[in-house]
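Structural overview for review
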Amino acid sequence: MATLSRWCRWKSATFMATLATALTLVTGVSVALAAGATGATGGTQASAATRASAAKVATELATTTSGTSSGIAPAMSCAGLTSLDLAAAVPGVPFEISSATELAAGSNTLGNWAACDVKGVIAPQIHFEMKLPETGWQADYLQVGCGGLCGNVNVSNAPASAGCVPLTSGAFAVAAGDEGHYQGGGLFSTDPTLRADFGYKSDHQLARAAKAVIERYYGQAADHAYFDGCSQGGHQALTEAQRYPTDFDGIIAGAPANNFTALNTFSHAWTAQSVYLGGGPATITNADLANLHAAVLKGCGAPADGIVADPLSCTWDPVTIRCAAGQPSTSSDYCLTADQVTTLRRIYAGPTDENGKLLYPGYQLRGSELNWAGIITPATATGASGDIGFVRETLRYQIFDSPQPTLTYKDVKFTAAYYKKVMAPNEGMYDATDPDLKAFKAAGGKLILWHGLGDQHIPAVGTMAYYKAVEKVMGGGAATESFARLFLLPGVAHCGGGQGPDTFDALTAMTDWVTKGEAPSSLTTRSVDSGGNTTATRPVYPFPYVAENTTDGPADDAGSYTPVRSTAEANLTLNRLGSFRSGYETVGNWAHGKWVVSKGKA
């Protein structure tokens with residue numbers, strides 16, 4: 001790995017301090033060391049024999065600098081963290097540590113390194129957990145996101161960091177939170193404080209609290225801070241880049257649910273109403289997906305590996321396999337009813353209002369069909385899809401001033417008036433769609449966006465559209481690529497899975513970008529079997545380039561591919577009712593006993 005040498009090398013200050021300690025043990029003299037010079041603080045020069053012994057120790061220490069165990073040692077005991085009074089440690093972020101216990105290396109799900117496992121609470125009820133390496137820490141901090149509506153703490157959820165040696169060897173202190181509530185539904189949003197914590201505030205507060213804990217535990221601050229999250233974690237990531245541009249040096253945002261309000265209202269309700277036409281039985285079920293997918297691959301001219309590399313360029317129309325009058329649909333001669341054609345056309349088109357304008361900046365891409373099972377399509381015609389549940393939580397608890405417990409996906413109206421009713425009071429608190437990242441760039445921040453093109457939850461088109469909006473605000477493609485890049489993974493489902501290679505390490509690429517200025521020209525993705533063996537590799541290139549097999553080499557070998565500019569991606573435009581813009585953000589605070597919402601970034 002190109003960056004391994006950086007991580008396996010002690011930082012100079014740490015090495016010199018450790019060497020000084022060793023020399024003190026050997027010589028009995030307190031020794032001050034600086035790069036290139038040594039001297040005894042007591043004013044007495046060590047003898048030749050003493051210097052020889054010290055040199056031997058120094059040599060032995062130097063030989064360990066290539067091992068992963070070298071690093072910055074804690075400045076206090078793990079258990080001692082619970083005795084610290086941290087209520088006023090960070091202005092405006094009252095928090096406390098509830099427990100701090102030693103975690104054996106063999107029990108650490110992040111890697112084979114012993115840790116101080118810290119749990120705590122940020123007022124009023126943001127629960128968090130941290131894993132602080134006992135050895136090997138390289139003065140770096142990683143915060144990870146959650147999924148769905150969150151409501152749990154998963155400090156091991158680093159979706160774009162597979163195989164990152166620094167992470168598995170203990171170079172990072174790692175933290176995660178639950179975004180201020182401890183159940184996965186939307187009920188928490190009936191409280192305005194918890195709504196704000198979920199919408200934009202909790203990750204900023206966690207970053208500040210975690211950095212304070214790190215500084216106390218190690219006796220020094222972290223040099224660099226990174227964020228890795230997918231889905232809601234991607235939303236968290238972009239919220240940080242937009243609202244709190246100095247919290248993190250490098251941010252990895254996967255499949256971001258950043259257009260949260262429209263996604264959970266209009267996008268999911270649209271696919272649900274499309275599958276259950278007129279509120280009746282499902283027109284498409286899981287049993288249809290294999291045959292449907294095969295027809296799409298044929299219609300899109302997909303190669304033998306069955307992956308549509310540039311699905312935005314495919315315009316296959318379901319009507320081409322509509323059943324003739326009296327024709328039955330069979331597995332060997334699959335065809336669609338008129339209602340099924342309507343369903344599929346709607347899904348591929350996305351939610352639109354009465355004037356044909358998109359109410360969410362995205363739609364399902366052709367080639368994603370196998371990933372729809374259980375989310376867009378149910379197991380049986382009378383069963384429920386996942387989309388129904390997503391819409392229910394948002395409608396009942398998240399977008400209106402009071403709970404609406406009887407509302408369902410059937411109640412969503414696809415009109416300009418209903419769009420305004422839903423978006424106006426909510427996007428400012430929930431969404432992370434501001435394309436103006438000038439402050440983040442000015443702070444030296446780097447952003448890696450990634451999205452699976454076969455995503456069944458959050459259409460990848462929305463992330464493409466957001467990135468193009470960023471390009472427009474930031475002064476074009478070259479200016480944007482200097483600090484932010486988007487990578488699209490063919491065939492990959494929501495945050496992983498699907499038909500394409502879905503395992504990759506963006507964290508190493510990010511640390512190289514932040515610390516060395518080496519922007520990633522590609523990421524190598526892998527397919528991994530149940531035994532952990534790599535079965536296929538494929539490169540992904542920065543938007544709007546796609547990987548094409550121009551060498552006639554093996555489809556499962558990354559070396560067979562070269563970057564080709566996608567005209568469809570480069571020319572993407574959406575006839576949309578909403579827009580990506582600045583100034584929509586709101587903040588909420590209690591003032592004189594009242595919850596006050598005001599405009600502006602926090």
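Everything below is about the structure printed above this text.
Below or above, wherever it landed, is the structure these notes cover. (Residues numbered from 1 in each chain as written. Predicted model: local features only at pLDDT ≥ 70, side-chain atom pairs only at ≥ 80, totals over all residues. Heavy atoms only, no water.)

**A word on the overall build of the protein chain**
Selection rule: Only DSSP runs of H or I covering at least 4 residues are called helices, and only runs of E covering at least 2 are called strands; the numbering of each starts at the N terminus. For every residue, the accessible area obtained with a 1.4 Å probe (protein chains only) is divided by the maximum for its type, and the residue is called buried under 20%, exposed over 50%, and partly exposed between those limits. Two residues qualify as a contact provided that any one of their heavy atoms is within 4.5 Å of a heavy atom in the partner residue.
Along the backbone of the protein chain there are 17 helices and 17 strands. Considering the protein chain as a whole, with its 602 residues, one finds that 54% of them fall into the buried category. Look at the contacts in the protein chain between residues 6 or more apart in sequence, and 69% of them connect residues 24 or more apart.

**Quick look at the side chain of Thr 463**
What counts here: Pairs of N or O atoms are called polar contacts if they sit within 3.5 Å, as long as, within protein, a hydrogen donor faces a hydrogen acceptor (for residues adjacent in sequence, only side-chain-to-side-chain pairs).
Note on placement: Thr 463 falls in helix 14 (residues 460-474). Take Thr 463: its relative accessible area is 3%, and that puts it in the buried class. At a separation of 2.7 Å, a polar atom in the side chain of Thr 463 contacts the side chain of His 451. Residue contacts for Thr 463: discarding those within four places in its chain leaves Pro 256, Leu 449, His 451 and Leu 486.

**Things to note about the packing of helix 7 (residues 260-275) against helix 9 (residues 338-349)**
Counted only if it meets this: Orientation is described by axes fitted as lines to C-alpha atoms, over the contacting stretch for helices, and by angles from 0 to 180 degrees between their N-to-C directions. The labels follow the angle: roughly parallel below 35 degrees, roughly antiparallel above 145, roughly perpendicular from 65 to 115, and oblique for the rest. Three residue categories are used. Nonpolar comprises Ala, Val, Leu, Ile, Met, Phe, Trp, Tyr, Cys and Pro, charged comprises Asp, Glu, Lys and Arg, and polar comprises the others, including Gly.
Across the interface, helix 7 lies against helix 9 with an axial gap of 8 Å and an inter-helix angle of 170°. Regarding the angle of helix 7 to helix 9, the classification is roughly antiparallel. In contact with Trp 270, Thr 271, Gln 273, Ser 274 and Val 275 of helix 7, helix 9 contributes Thr 343, Arg 346 and Ile 347. Residue composition of the contact of helix 7 with helix 9, grouped by class: 3 nonpolar, 4 polar and 1 charged.

**What about the nonpolar core?**
To keep things clear, this is the line we draw: Here, nonpolar core refers to any group of buried Ala, Val, Leu, Ile, Met, Phe, Trp, Tyr and Cys residues whose side-chain atoms link them within 4.5 Å.
With 64 residues, the main nonpolar core has Leu 81, Phe 95, Met 130, Leu 132, Leu 437, Leu 447 and Met 464 as its most contacted residues. With near-sequence residues (within four places) excluded, Leu 81 lies in contact with Met 76, Ile 97, Ala 100, Cys 116, Val 118, Leu 132, Val 213 and Tyr 217. Core analysis: the next-biggest nonpolar cluster, separate from the first, contains 43 residues, Trp 372, Ile 399, Leu 407 and Val 422 among them.

**A word on the pairing of strand 5 (residues 126-133)**
As a reminder, the rule being used: Two strands qualify as a pair provided DSSP detects at least 2 bridges between them.
Within strand 5, 7 of the 8 residues are buried, which leaves it mostly tucked inside the rest of the structure. Judged from the 8 bridges that link them, strand 4 (residues 115-122) and strand 5 form a sheet pairing that is antiparallel. Across the sheet, the residue bridging to Cys 116 is Leu 132, located in strand 5. Linking two consecutive strands that pair antiparallel, namely strand 4 and strand 5, is a turn of 3 residues. Here strand 5 runs beside strand 7 (residues 172-177); their pairing, made up of 4 bridges, is antiparallel. Residue pairing in the sheet places Phe 128 in a bridge with Gly 177 of strand 7.

**A few points about the state of the cysteines**
Condition: Cysteine sulfur pairs qualify as disulfides if the two atoms are within 2.5 Å.
Summed over the entire model, instances satisfying the criterion amount to 5 disulfides. Each sulfur of the disulfide joining Cys 146 and Cys 150 lies 2.2 Å from the other. Torsion about the S-S bond of the Cys 146 and Cys 150 cystine: about -120°, corresponding to left-handed handedness. As far as burial versus exposure is concerned, Cys 146 and Cys 150 are alike and both buried. Paired by a disulfide, Cys 230 and Cys 495 hold their sulfur atoms 2.0 Å apart. In this structure, the disulfide formed by Cys 230 and Cys 495 twists by about -100° around the S-S bond and is classed as left-handed. With a gap of 265 residues between them, Cys 230 in strand 8 (residues 224-230) and Cys 495 in the loop between strand 11 (484-489) and helix 16 (506-516) connect regions that are remote in the sequence.

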